[in-house]
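# Structural features, examined
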Amino acid sequence: MAAKKGKKALGDKAKGGGAGRTPGLGRVNGHHQENGMENMTLFEVVKMGKSATQSVVDDWIEAYKHDRDIALLDLINFFIQCSGCKGAVSPEMFRHMQNSEIIRKMTEEFDEDSGDYPLTMSGPQWKKFRISFCDFIAVLVRQCQYSIIYDEYMMDTVISLLTGLSDSQVRAFRHTSTLAAMKLMTALVNVALNLSINMDNTQRQYEAERNKVVAKRANDRLELLLQKRKELQENQDEIENMMNAIFKGVFVHRYRDAIAEIRAVCIEEIGVWMKLYSDAFLNDSYLKYVGWTMHDKQGEVRLKCLTALQGLFYSRELGARLELFTSRFKDRIVSMTLDKEYDVAVQAVKLLTLVLQSSDEVLTAEDCESIYHLVYSAHRPIAVSAGEFLFKKLFSHRDPEEEGLPRRGRQSLNGSLIKTTVFFFLESELHEHGAYLVDSLWDCASELLKDWETMISLLLDEPMSGEEALTDRQETALVEIMLCAIRQACECHPPVGRGTGKRVLSAKEKKTQLDDRTRITEMFAVALPLLLAKYCVDIDKVTNLLQIPKYFDLDIYTTGRLEKHLDALLRQIWEVQDKHTDTEVLEACSTTYHALCNEEFTIFNRVDIARSQLLDELVDKFNRLLEDFLQEGEEPDEDDAYQVLSTLKKISAFHNAHDLSKWDLFTSNYRLLNTGLQNGDMPEQIVIHAMQCTHYIILWHLAKVSDGSSLKYYNDYGDIIKDTLSKTRQIDKVQCAKTLVLSLQALFNEMLSELGFNVDRSTSAFCGIKELARRFSLTFGLDQLKTREAIAMLHKDGIEFAFKEPSPQGQGSPPLNLAFLDILSEFSSKLIRQDRRSVHMYLERFMTVQMALQREDCWLPLISYRNSLQAGGDDDTMSVVSGISSRGSTRSKKSKPATSSKRKLPEGDSSDAVWMNREQNVQTPVMMHSPHLTSTVLRDPKKMRPEDICGKAQSPNKRLCVLLSRRGSGLMEDDEEPIVEDVMMSSEDRLEDINEGMDFDTIDIDLPASKNRRERTELKPDYFDPSSIMDDSVRIFHFL
């Protein structure tokens, strides 16, 4: 079919066509005229996506019927503009120039400087544009399939243009026109398929009518059916000519284009054609292009080949017609399972799984084995795909005699499948990767892997007559697989080394997790003692079995009345430790006791008694053996040394996970090591384990010391306290502010009691409290109006505290707590201007004339605080002291001019009305001898005065102050520059209601780790990695 055919008809335009608008049409000059989008091109309308594609196409068809040249010109310019070309084809160019000349002219006007065009631009708008572009072409052909596409003008012109553009040197033209041509071809395939269906229906109707007897035959109907069949055949021939023109003119050249995206478009669409119209396209003439392209150097193109073939193999009917192709390209597909691109490898495995479903005979045993080993891949998607392949190959086929087998138990179908899993695991010779095998099969075979009842039956029950029993090696493998399945069910995340870590579980997944954990506990609480009794002397089996209790829901021992089984378990653990000296087994016993000794559960006392009895026996035995071993004048024999060594190994294993301080093992180990040092004949293994035991003794002591000490300020400012403060602030901002200032006052008093009355503001303790105050100030947010009263009351209480205690050195010296004003200055930036003046006036009520004239260093906190309250200042704290901390306290902000949009103070609010009038009769407390502040207990502000708050006895709430603080040099280290200030400054314009939602979670202060700021969890021993709980100071002590 000649592409020039349509161009010959250009001179035969319908008369009366022009640029004017025809009544009833939705377009003017080919421009959209709907919803106020006049004078917009097709490209602009499709790009905006504001109009339905159907209506756009209908408008164009109406315009085409009125004046096909103008409408067609609009369509041509649509493709030109979709390529990113700024030029446009004029009516004169359309009438008098050939396609090649038009393309050359457009190429000259194309701006290739940027290299970007709509199909390659990023952003959601352009992604939607690509979809709209493809939809437009599909809808256009669908709406024109009954008339316009057969007029030998529209389709000929479009195909000729797209063919020419697809051969352009300009990538944008080539890419856009290829995509358009491929989508046009897909739309024509749908038309051809409909025509084929209609032809078949017409043929059946004709045959049915012709087979009637002559008397009942309707000759007129036969003629109509013949005529209809002839018309359908002509249309089918014409559509096939169009498809051939696109395939040979575009696809054959572009499927090997230099640009990978263009090649991928071609392969993707040919897969659609073969699936839609298999009778015409599913043959070797078209399949060969997919097979050849599987060797493409770009993973994106190889991926399209595999997904195209998957669409064919999903249908068993189509898969059966691919035998020749599969035999030719099977080896290539198998090799792609090791593709360097993970996505390609995953899809290759999935394709082979579909091939396996279509025919068992296609893949050889060697082909399958090359896929089997991928279940141990570290890349989880590949492993899961390989697991599905393995499951389909080994577990999906059932013999007729297996249909009547029970669902659970040794003789069930699952029993046979579990054995098959064990055999595969052993044959793969990768026993240490049992967790990987279970994880690979989990998505497709979780029901099988969760059949712990059958696994227990295979291990405990005797085999039936004629049944082959599991060998010892097979039982060991089954125990490992069973443990891995339990871990996967309870933890719900892939094993270490596979995956990116824990993910958030959905509600359904959480319920499944809880149900599985309950089943595991109920089942193994009964079975585990029996399994331990059977395999008590087997190191590998016992080590794995003893890991199961850590996945138990220990409440079920009580709620399910399973205490007798708990006693049986504890007896078996005692038997295991008594029979074994292997470190792995002993450590497993130790961790099992640790998992069961949880004070949150009612079984704690029962387990704790059993553990204490066991340790009593071990320590008594060790001390008795040690006395005999260290007797003077007698040389210990090998049996004595072995007994001492085995007992010492057990004690060391338990000391790793349990605190044995009350047994005073240090003295015994010291005697043992000292004797060896003096005599020089101590067996090496005894020395090693004695040193290890001593090492654990020191670590536990250090852990207890660390846990008992006050880890102050930021690190123990944990989630519970953060949430508590957030809720307190939401309930009552004023009381929250009082809590914060009381906490700071308690820390200040504690510092005075430790360091004395002469406060050195350069010490780490003072700087730490000041830093905590700065962090507290950040929690009040940016909206000063919302926190106005709270901040004012905070300053009021702070001033009273600073002047409450007179100087112990007599008159002329600053008050005892005057340095607290330097801490209080951290909150000055949160005061609005009016309140700064009010606070300053309140401060002057406590000052004497002599105080105002003082300029000595000891009065600098007062000077600094007064400067921070200067009316009209918008800056943060303006400390006059330099060198107090490595950070300094001066943090300036850029002042912003006041605008009318800012919130105004409520009318009637005087500068003192917010807080100062609450206590008009407060006396200057300089000479008052109030009790020392020891509590942070808060009362109802209506019933309690500030003096009462400060004078109450110490309560447990003081621990809140301790947890909110930390002394030491760590707070002011150079590596701890907080990021909060930057976050807050970048958000200074957001004043609308930000304070209400601001809590500590929004102020993410993630400081680098240092030896002075360790998490509390780091102080607890890691049971089998003692070095993980040692900081530098611990190691120094150890080697001393």
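Thresholds, definitions, all that
Residues numbered from 1 in each chain as written. Predicted model: local features only at pLDDT ≥ 70, side-chain atom pairs only at ≥ 80, totals over all residues. Heavy atoms only, no water. Helix = DSSP H or I, 4+ residues; strand = E, 2+ residues; numbered from the N terminus. Buried < 20%, exposed > 50% of the residue type's maximum accessible area, 1.4 Å probe, protein only. Contact = heavy atoms within 4.5 Å. Areas by Shrake-Rupley, 256 points an atom, 1.4 Å probe, with all protein chains shown as cover. Phe/Tyr/Trp six-rings, centres within 6.5 Å; stacked < 30°, edge-to-face > 60°. Lys NZ or Arg CZ within 6 Å of the ring centre and 35° of its normal. Salt bridge = Lys/Arg side-chain N within 4 Å of Asp/Glu carboxyl O. Polar contact = N/O pair within 3.5 Å; in protein donor to acceptor, adjacent residues only side chain to side chain. Expected span 1.5 Å × (residues − 1). pLDDT = per-residue confidence, 0-100. Axes fitted to C-alpha atoms, helices over the stretch in contact; angles between N-to-C directions. Parallel < 35°, antiparallel > 145°, perpendicular 65-115°, else oblique. Nonpolar A, V, L, I, M, F, W, Y, C, P; charged D, E, K, R; others polar. Left-handed = near helix turned anticlockwise from the far one by under 90°. Patch = residues over 30% accessible without salt bridge, like charges linked within 9 Å, V, L, I, M, F, W, Y side chains within 5 Å. Lys, Arg positive; Asp, Glu negative; His and termini not counted. Charge placed at Lys NZ, Arg CZ, Asp CG, Glu CD.

Below, the discussion takes up the overall build of the chain. What the chain contains, in helices and strands, is 45 helices and two strands. Counting over 1040 residues, the chain shows a buried share of 51%. Sequence-distant contacts, at least 24 apart, represent 74% of the contacts inside the chain between residues at least 6 apart. Looking at the chain as shown, the accessible area adds up to about 50600 Å², and 49% of this sits on carbon and sulfur atoms.

Scanning the model with the defined rule gives 33 aromatic pairs in all. Judged by centre distance (6.3 Å) and plane angle (15°), the rings of Phe-666 and Tyr-670 are stacked. Here Tyr-670 and Phe-666 lie together in helix 31 (residues 665–679), a separation of four residues that amounts to about one turn. Here the aromatic residues Phe-247, Phe-251, Tyr-255, Trp-273, Tyr-277, Phe-281, Tyr-286, Tyr-289 and Trp-292 are joined through ring pairs into a cluster of three or more. Across the ring face of Tyr-153, the terminal group of Arg-68 is positioned such that the distance to the ring centre comes to 3.9 Å. We note Arg-328 situated over the ring of Phe-329; from NZ or CZ to the ring centre the distance is 4.6 Å.

To continue, consider the side chain of Gln-347. Residue placement: Gln-347 occurs in helix 17 (residues 342–358). On the basis of relative accessibility, which here comes to 17%, the residue Gln-347 falls in the buried class. Beyond its immediate sequence surroundings of up to four residues, Gln-347 is in contact with Leu-303, Leu-306, Thr-307 and Gln-310.

The next thing to look at is the pattern of salt bridges. Any two side chains of opposite charge can pair if their charged atoms end up close together. Tallying each qualifying case throughout the model produces 33 salt bridges. Here Arg-174 ties to Asp-257 by a salt bridge, and the two come within 2.7 Å at their closest N and O atoms. Highlighted residues: Arg-174 in helix 9 (residues 171–210) and Asp-257 in the loop between helix 10 (219–254) and helix 11 (260–276), separated in sequence by 83 residues. Given the relative accessible area of 11%, Arg-174 is considered buried. Judged by its relative accessible area of 4%, Asp-257 falls in the buried class. With a shortest N-O distance of 2.7 Å, Lys-541 and Asp-538 are connected by a salt bridge. Several salt bridges converge on common partners, so that one network encompasses Asp-167, Arg-174, Arg-254 and Asp-257.

Okay, the side chain of Lys-450 next. Checked against the element boundaries, Lys-450 lands in the loop between helix 21 (434–449) and helix 22 (452–460). Among the residues examined, Lys-450 registers a relative accessible area of 16% and is labelled buried. For Lys-450, the side chain forms a polar contact with the side chain of Asp-516, separated by 2.7 Å. Contact partners of Lys-450, with chain neighbours within four places excluded, come to Trp-442, Thr-512, Asp-516 and Arg-519.

Okay, helix 19 (residues 380–394) next. In this model helix 19 runs 20 Å from its N-terminal to its C-terminal C-alpha over 15 residues, within 8% of the 21 Å that 1.5 Å per residue would give. Every buried residue belonging to helix 19 is among Ile-382, Ala-383, Val-384, Ser-385, Ala-386, Gly-387, Phe-389, Leu-390 and Phe-391, and all of these are buried. Tucked into the core, helix 19 has its buried residues touching helix 17, helix 18 (365–372), helix 20 (413–428) and helix 21.

Looking at the chain as a whole, the pLDDT averages 77, with 75% of positions reaching at least 70. Here residues 1–37 is a poorly scored stretch, pLDDT under 50, and it has 76 contacts once near neighbours within four places are set aside; other chains count. Predicted confidence is poor over residues 871–1040, with pLDDT under 50, and the contacts of this stretch with residues over four places away or in other chains come to 327 contacts.

Below, the discussion takes up helix 4 (residues 68–82). Given a rise of 1.5 Å per residue, 15 residues ought to cover 21 Å, and the 21 Å separating the end C-alpha atoms of helix 4 matches this to within 8%. By the criterion of burial, helix 4 is predominantly enclosed, with 14 of the 15 residues buried. In this structure Asp-67 caps helix 4, since a side-chain oxygen of it lies 3.2 Å from the backbone nitrogen of Asp-69. At the exit of helix 4 stands Gly-84, carrying a positive phi of roughly 90°.

At a closest axis distance of 9 Å, the pairing of helix 20 and helix 23 (residues 472–491) adopts a crossing angle of 105°. Between helix 20 and helix 23, the interaxial angle falls into the category roughly perpendicular. Where helix 20 approaches helix 23, its residues Ile-418, Thr-421, Val-422, Phe-423, Phe-425 and Leu-426 are matched on the opposing element by Arg-473, Gln-474, Ala-477, Leu-478, Glu-480 and Ile-481. Tallied by class, the residues present in the contact of helix 20 with helix 23 amount to eight nonpolar, two polar and two charged.

Axis separation between helix 8 (residues 154–166) and helix 9 bottoms out at 8 Å; the angle between their running directions is 140°. Between helix 8 and helix 9, the angle is such that the two are oblique. In this structure, helix 8 crosses over helix 9, and the sense of that crossing is left-handed. Where helix 8 abuts helix 9, its residues Met-155, Val-158, Ile-159, Leu-162, Leu-165 and Ser-166 lie against Phe-173, Arg-174, Ser-177, Thr-178, Ala-180, Ala-181, Leu-184 and Leu-188. Partitioning the contact of helix 8 with helix 9 into residue classes produces 10 nonpolar, three polar and one charged.

In this section: unusual backbone geometry. For Arg-561, which is not glycine, the phi torsion reads 55° and is therefore positive. Considering the arrangement of structural elements, one finds Arg-561 in the loop between helix 26 (555–559) and helix 27 (563–579). One non-glycine residue, Asp-664, lies in positive phi territory at about 50°.

Moving on: a negative patch on the surface. Judged by side-chain charge, Glu-231, Glu-234, Asp-237 and Glu-240 come together as a negatively charged surface patch. Residue position: Glu-231 is located in helix 10. Overall, Glu-231 belongs to the partly exposed group, its relative accessible area being 41%.

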